[in-house]
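Overview (structure and organization)
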Amino acid sequence: RGSTSKISDVTLPTQTGSEHDTLKVMISTTTADSPGKILDWMRYHALLGVEHFFLFVEGQAAEKSAVEQLVAFPGVTVWEPSAELDERRGKSRAWKENWLGNFFDKPCNNELFVRQSLNMELAIDHARAEHLDWMVHIDVDELMWPGGEAHLSMKSFLGEVHPKIDNVVFANYEACPESDAV
């Protein structure tokens, strides 16, 4: 049975009653964006069937009023900057990995990449503890699009992945509107 869901000015078809409805999908991200942008991003992904969001907030996203807005959204876990978070990152096995070492103690986006990698490890641990089926890591300026999936459902899309496959890589398409009339 189908229905439609509305976010802002966009109406998306959604599907319920499929065999994959029980699949648990989580998105994790590290963000300093405004709460409005983050909430719009979560609403969009919720329409696609994502029910769990794991947010590592920084900057304006870590302000008390922003965190209050974010935690009010269903299925959200927010990690604010804290000594506990730093301690958990400090215990990461990633510090012993050769591949991440090239990004340590470098300025600019390298610092963000290291934090994102450490945060993603914590999100994976959370996903395992909560018995989630799939975890996706994307930024707030990126959107999942289950292209080719008739119901526009991440649950249906990921539910069709063979059970022996534990990693799916999505193509990243960048776009920039040419005008505000998009």
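Structural data are supplied above this passage.
Reference entry: report on the structure contained in this document. (Residues numbered from 1 in each chain as written. Predicted model: local features only at pLDDT ≥ 70, side-chain atom pairs only at ≥ 80, totals over all residues. Heavy atoms only, no water.)

**Some thoughts on unusual backbone geometry**
For H131, which is not a glycine, the phi torsion comes out positive at approximately 60 degrees. Tracing the chain through its elements places H131 in the loop between helix 5 (109-129) and strand 6 (134-137). Given the relative accessible area of 60%, H131 is considered exposed. (Helix = DSSP H or I, 4+ residues; strand = E, 2+ residues; numbered from the N terminus. Buried < 20%, exposed > 50% of the residue type's maximum accessible area, 1.4 Å probe, protein only.)

**Some words on the packing of helix 1 (residues 35-47) against helix 2 (residues 64-71)**
At a minimum axis distance of 10 Å, the contact between helix 1 and helix 2 shows a crossing angle of 15 degrees. Considering their axes alone, helix 1 and helix 2 lie roughly parallel with respect to each other. Note that helix 1 runs across helix 2; the crossing there is right-handed. Listed contacts from helix 2 to P35, I38, L39 and M42 of helix 1 are A66, Q69 and L70. (Axes fitted to C-alpha atoms, helices over the stretch in contact; angles between N-to-C directions. Parallel < 35°, antiparallel > 145°, perpendicular 65-115°, else oblique. Left-handed = near helix turned anticlockwise from the far one by under 90°. Contact = heavy atoms within 4.5 Å.)

**Quick notes on the nonpolar core**
The biggest cluster of nonpolar side chains holds 29 residues, and the ones touching the most others in it are I27, W41, M42, F53, L55, V57 and L70. Counting residues per element, the ones that place at least two in this core are strand 3 (25-31), helix 1, strand 4 (52-57), helix 2, strand 5 (76-79), strand 6 and helix 6 (154-159). Top element by residues in this core is helix 1. It accounts for five residues. With nine residues, the next largest nonpolar core counts W79, A123, A127 and L132 among its residues. (Core = buried A, V, L, I, M, F, W, Y, C linked by side-chain atoms within 4.5 Å.)

**Thoughts on the pairing of strand 6**
Side-chain positions along a regular strand alternate between the two faces of the sheet. Only one face of strand 6 is buried, namely the one carrying W134 and V136, since none of M135 and H137 on the opposite face is buried. As judged from the four bridges shared by strand 3 and strand 6, these two strands associate in the parallel manner. Residue pairing across strands places I27 opposite V136, the latter belonging to strand 6. (Pairing = 2+ DSSP bridges.)

**Notes on the packing of aromatic side chains**
The tally for this structure, following the rule as stated, stands at six aromatic pairs. On the numbers, 6.3 Å between centres and 65 degrees between planes, the contact of F54 with W79 is edge-to-face. Within this pair, whereas F54 is found in strand 4, its partner W79 is found in strand 5, the two being separated by 25 residues in sequence. For the residue pair F54 and W79, the accessibility class agrees, reading buried in each case. Relative to W79, the ring of F56 has its centre 6.2 Å away and its plane inclined at 15 degrees; by these criteria the two rings are stacked. With F56 in strand 4 and W79 in strand 5, this residue pair connects regions lying 23 residues apart in the sequence. (Phe/Tyr/Trp six-rings, centres within 6.5 Å; stacked < 30°, edge-to-face > 60°.)

**Brief notes about the pairing of strand 4**
Among the six residues in strand 4, five count as buried, and that is most of the element. Once the chain exits strand 3 it traverses helix 1 before rejoining the sheet at strand 4, and the crossover so formed is right-handed. The parallel pair strand 4 and strand 5 is bridged by helix 2, and the resulting crossover is right-handed. (Right-handed = clockwise from strand over helix to strand, strands pointing away.)

**Description of the pattern of salt bridges**
When the charged atoms of two side chains with opposite charge come close together, those side chains can pair. Evaluated as defined, the whole model comprises seven salt bridges. R43 is the partner of D40 in a salt bridge, and the nearest nitrogen-oxygen pair spans 2.8 Å. Of the two residues, D40 and R43 both sit in helix 1, three residues apart, roughly one turn of that helix. Residue class for D40 comes out partly exposed when judged on its relative accessible area of 36%. Residue R43 is classed as partly exposed on the basis of its relative accessible area of 36%. When the shortest N-O distance is used, the salt bridge between R115 and E58 registers 2.6 Å. Here the residue R115 occupies a position in helix 5, and E58 occupies one in the loop between strand 4 and helix 2, the gap between them amounting to 57 residues. Note on R115: relative accessible area 25%, which makes it partly exposed. (Salt bridge = Lys/Arg side-chain N within 4 Å of Asp/Glu carboxyl O.)

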